[in-house]
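# Structural characterization, general
Spelled out, the chains give:
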Amino acid sequence: MNKFKSILGGVALSVAIASSALAAGVEINASSTGLAMQGYDPVAYFTVGEPTKGDYRISTLHNDALYRFASEENKAAFEENPEAYLPAYGGYCAFGTAMGFKFDGDPTYWKIVDNKLYLNLSKDIQERWEGDIPGFNERADANWKDIAEKTPAELQADQ
């Protein structure tokens, strides 16, 4: 019975955290429940060098978005210095941001450049972005100032 209570308590805590995360702002690419990076561990890209799913029992809220981690050590590293691990452009597609849009960043299409994690929408988009990373990032940095607070739909309607 204690094992059941423990599991039930963990699920209740996850639901409570997810429910409180509904306020994640438009500058963060998160699901309707506030889950960022589709549940992938942002620290693992730097420590194991590959996309790693986080565990729903090891999570934390940051800027009203829920991040999951593969280990308690990764969670502690993130909580100590989140800016070191957060993906650029709130986890939106780096190439899309360079074009002035917000498209989902797929955590399986990623690259670390100058100690910053970048996500892209798809394999072909990733390859195109890799053709001129400095140029696209310069455009994305400039665009981000104007689009960070806009919804993806607002950006599409502006075109």
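All of these numbers come straight from a predicted model, not from anything done at the bench. (Residues numbered from 1 in each chain as written. Predicted model: local features only at pLDDT ≥ 70, side-chain atom pairs only at ≥ 80, totals over all residues. Heavy atoms only, no water.)

## Considering the pattern of salt bridges
Inspection of the entire model under this criterion finds 2 salt bridges. The salt bridge partner of Lys-111 is Glu-130, with a shortest N-O separation of 4.0 Å. Linking Lys-111 in strand E3 (residues 106-113) with Glu-130 in helix H5 (residues 123-130), this pair joins segments that are 19 residues apart in sequence. (Salt bridge = Lys/Arg side-chain N within 4 Å of Asp/Glu carboxyl O. Helix = DSSP H or I, 4+ residues; strand = E, 2+ residues; numbered from the N terminus.)

## A closer look at H5
Burial in H5 covers these residues: Ile-125, Gln-126 and Trp-129. The buried residues of H5 all sit within an arc of 100° when viewed along its axis, so they share a single face. The outward face of H5, more than 90 degrees from its buried face, is lined by the exposed residues Lys-123, Asp-124 and Arg-128. Tucked into the core, H5 has its buried residues touching helix H4 (94-98), E3, strand E4 (116-120) and helix H6 (133-147). (Buried < 20%, exposed > 50% of the residue type's maximum accessible area, 1.4 Å probe, protein only. Arc of directions from axis to C-beta. Contact = heavy atoms within 4.5 Å.)

## Focus on unusual backbone geometry
Of note in the backbone geometry, Met-37 takes a positive phi value of approximately 55° without being a glycine. Tracing the chain through its elements places Met-37 in the loop between helix H1 (2-20) and helix H2 (44-47). A positive phi angle, near 55°, is found at Gln-38, a position not held by glycine. With respect to the secondary-structure elements, Gln-38 resides in the loop between H1 and H2.

## Notes on the environment of Ala-153
Summarising the element assignment, Ala-153 is placed in helix H7 (residues 152-157). Looking at Ala-153, the relative accessible area reads 55%, which means it is exposed. Between the C-alpha atom of Ala-153 and that of Phe-101, which follows or precedes it by 52 residues, the distance is 9.1 Å.

## Digging into the nonpolar core
In this structure, Tyr-89, Phe-95, Tyr-118, Trp-129 and Trp-144 are the most contacted members of the largest nonpolar core, which totals 19 residues. Elements supplying a minimum of two residues to this core: H4, H5 and H6. The element best represented in this core is H6, accounting for 5 residues. Once residues lying within four places of it in the same chain are set aside, the contact partners of Trp-144 are Glu-27, Tyr-89, Gly-90, Tyr-92, Thr-97 and Lys-102. (Core = buried A, V, L, I, M, F, W, Y, C linked by side-chain atoms within 4.5 Å.)

## Some details on the packing of aromatic side chains
Scanning the entire structure with this criterion turns up 10 aromatic pairs. With 5.1 Å between their ring centres and 35° between their planes, Tyr-67 and Phe-78 make a pair best called tilted. Taken together, the residues Tyr-67 in strand E2 (residues 65-69) and Phe-78 in helix H3 (residues 72-80) connect sequence positions 11 residues apart. The exposure classification of Tyr-67 matches that of Phe-78, with both residues buried. (Phe/Tyr/Trp six-rings, centres within 6.5 Å; stacked < 30°, edge-to-face > 60°.)

## Re the pairing of strand E1 (residues 55-62)
Bridge count between E1 and E2: 5 bridges; the pairing is antiparallel. Directly across from Thr-60, in E2, lies its bridge partner Tyr-67. Here E1 hands over to E2 after 2 residues, with Asn-63 in that stretch at a positive phi of 50°. (Pairing = 2+ DSSP bridges.)

## Some points on the confidence of the model for the protein chain
Averaged over every residue, the pLDDT of the protein chain is 88; the share at 70 or more is 84%. Ignoring residues within four places in sequence, the model shows residues 1-22, a span with pLDDT below 50, making 15 contacts including any to other chains. (pLDDT = per-residue confidence, 0-100.)

## Things to note about the environment of Lys-145
On the secondary structure map, Lys-145 appears in helix H6. Of the residues examined, Lys-145 reaches a relative accessible area of 70% and is grouped as exposed. Counting along the chain gives 56 residues from Lys-145 to Tyr-89, while the straight-line C-alpha distance between them is 9.9 Å.

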